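Secondary and tertiary structure notes
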Amino acid sequence: QKQVALRALNDTQRGWSTFFDIEYQGKQYLHVELALVGRHNILNALSVFGLACALGISEESIRLAFKTFSGVKRRLEKKGEACSVLVLDDYAHHPVEIKATLAAVKKAVFGKRIIAVYQPHRYSRMRYCINEFENVFASADVVFVTDLYTANEEPVAGITTATIVESIASTNKRPVYYVSRDMLLQDISKKVLPHDVVIFLGAGDITQIAADCSSYIEKKGVRKLSVAICYGGQNSEHEVSCLSKESIAANLSKNLYEQVHFVVSKKGVFKKVGSQKSEIDVIQELIACDIAIPIFHGPFGEDG
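Quick summary incoming for the structure in this document. Quick caveat: nothing in here was measured; it's all calculated off a predicted structure.

The next subject is the nonpolar core. The biggest cluster of nonpolar side chains holds 33 residues, and the ones touching the most others in it are Ile98, Leu102, Tyr118, Phe137, Ile199 and Leu201. Contributions of two or more residues to this core are made by β5 (85-90), α3 (95-108), β6 (114-118), α4 (123-129), β7 (142-145), α5 (161-171) and β9 (197-201). Considering every element that reaches this core, the biggest residue donor is α3, with five residues. One finds Ala82, Val142, Phe200 and Ile209 within the second-largest nonpolar core, a separate group that totals 20 residues.

Strand pairing in a sheet is mediated by backbone hydrogen bonds. Such pairs are either parallel or antiparallel. With mixed pairing, six strands are arranged side by side in an open sheet as β4-β5-β9-β6-β7-β8. Edge positions in the sheet fall to β4 (77-82) and β8 (176-178), since each of these pairs with one other strand and no more. On average, adjacent strands in this sheet sit at an angle of 20° to one another, irrespective of strand direction. Sheet topology places β4 next to β5; five bridges connect them, and they run antiparallel. The residue of β5 that forms the bridge with Lys78 is Leu88. Where α5 meets the sheet, its contacts fall on β6, β7 and β8, and the angle it forms with β8 comes to roughly 170°. Helix-sheet contacts for helix α7 (residues 206-220) involve β4, β5, β6 and β9, and the interaxial angle to β4 is about 20°.

Once that is clear, we can look at the packing of aromatic side chains. Per the counting criterion, the structure on display carries seven aromatic pairs. With centroids separated by 4.9 Å and ring planes inclined at 70°, the aromatic side chains of Tyr29 and Phe49 adopt a geometry described as edge-to-face. In this pair, Tyr29 sits in strand β3 (residues 27-34) while Phe49 sits in helix α1 (residues 39-54), placing the two residues 20 residues apart along the sequence. Given the relative accessible area of 1%, Phe49 is considered buried. Between the aromatic rings of Phe144 and Tyr177, the centroid separation amounts to 5.9 Å while the plane-to-plane angle is 45°, which identifies the pairing as tilted.

What follows covers a nonpolar patch on the surface. A grouping of Leu51, Leu55 and Ile57 is seen on the molecular surface, where their side chains present a nonpolar patch of about 310 Å² in accessible area. Position of Ile57 relative to the elements: it lies in the loop between α1 and α2 (59-68).

Thresholds, definitions, all that
- Residues numbered from 1 in each chain as written.
- Predicted model: local features only at pLDDT ≥ 70, side-chain atom pairs only at ≥ 80, totals over all residues.
- Heavy atoms only, no water.
- Core = buried A, V, L, I, M, F, W, Y, C linked by side-chain atoms within 4.5 Å.
- Buried < 20%, exposed > 50% of the residue type's maximum accessible area, 1.4 Å probe, protein only.
- Helix = DSSP H or I, 4+ residues; strand = E, 2+ residues; numbered from the N terminus.
- Pairing = 2+ DSSP bridges.
- Axes fitted to C-alpha atoms, helices over the stretch in contact; angles between N-to-C directions.
- Contact = heavy atoms within 4.5 Å.
- Phe/Tyr/Trp six-rings, centres within 6.5 Å; stacked < 30°, edge-to-face > 60°.
- Patch = residues over 30% accessible without salt bridge, like charges linked within 9 Å, V, L, I, M, F, W, Y side chains within 5 Å.
- Areas by Shrake-Rupley, 256 points an atom, 1.4 Å probe, with all protein chains shown as cover.
- Salt bridge = Lys/Arg side-chain N within 4 Å of Asp/Glu carboxyl O.

Structure (structure tokens):
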């Protein structure tokens, strides 16, 4: 690497931006900001940087362009947001592209659940990459595969939507579902939850569905997340915990969350507010919630 005239170093990603250093012809350009994500975009930017420098364009102009360039259409294009669900559209259809794109999204969304919706592209292309999907969708949490986009090509023996779905499902640990193109929006709306990220992947007409997804989710709504708020405690800060609960409960969106309150009494009895069920049954209801917020103080809280 010492002989390389142009290279990127120390790259980091923060949300939807990337930061890295550039070394070019013995000179270092530190903390370059790029308003795109993914290692592939760093390499693209690197080549542009070298070319721009060679053409005599100022460093200040290059940095400004990198910082403000929002990308091209159908490359992690944000199509909308509804019910706290972000919808993205990307042209990626080759396994290598898909893996790089999903890895970049995973870094950007800070642990949010990612639903990947993939439309295979052309018989001729799938013939050469149908066996290259191992762990390609590792950065997604749920994978939908829809009908192959033929682009009016003649069928190729052994290449069908079914064989593609089988190849993906057998080589990826994530849940993989086949959904017909006509049913995509309906099935996505049944699976999606608040804060999910839905990304459409493919070079075909799946982009048309991506364009309609946010409005469809807005119309149909999403299942609320059940939030267990646990408070109280058998200690002198019981009342403080109750006040904290009231504050948190008042500030949780009623459109996104269904609250379930659990209290530990001063005598140490754990119960669901408004229920007479046994502790065992109450614990099962707590386990069934999507999210739990413990609001305990003193020995039951920050003291461990």
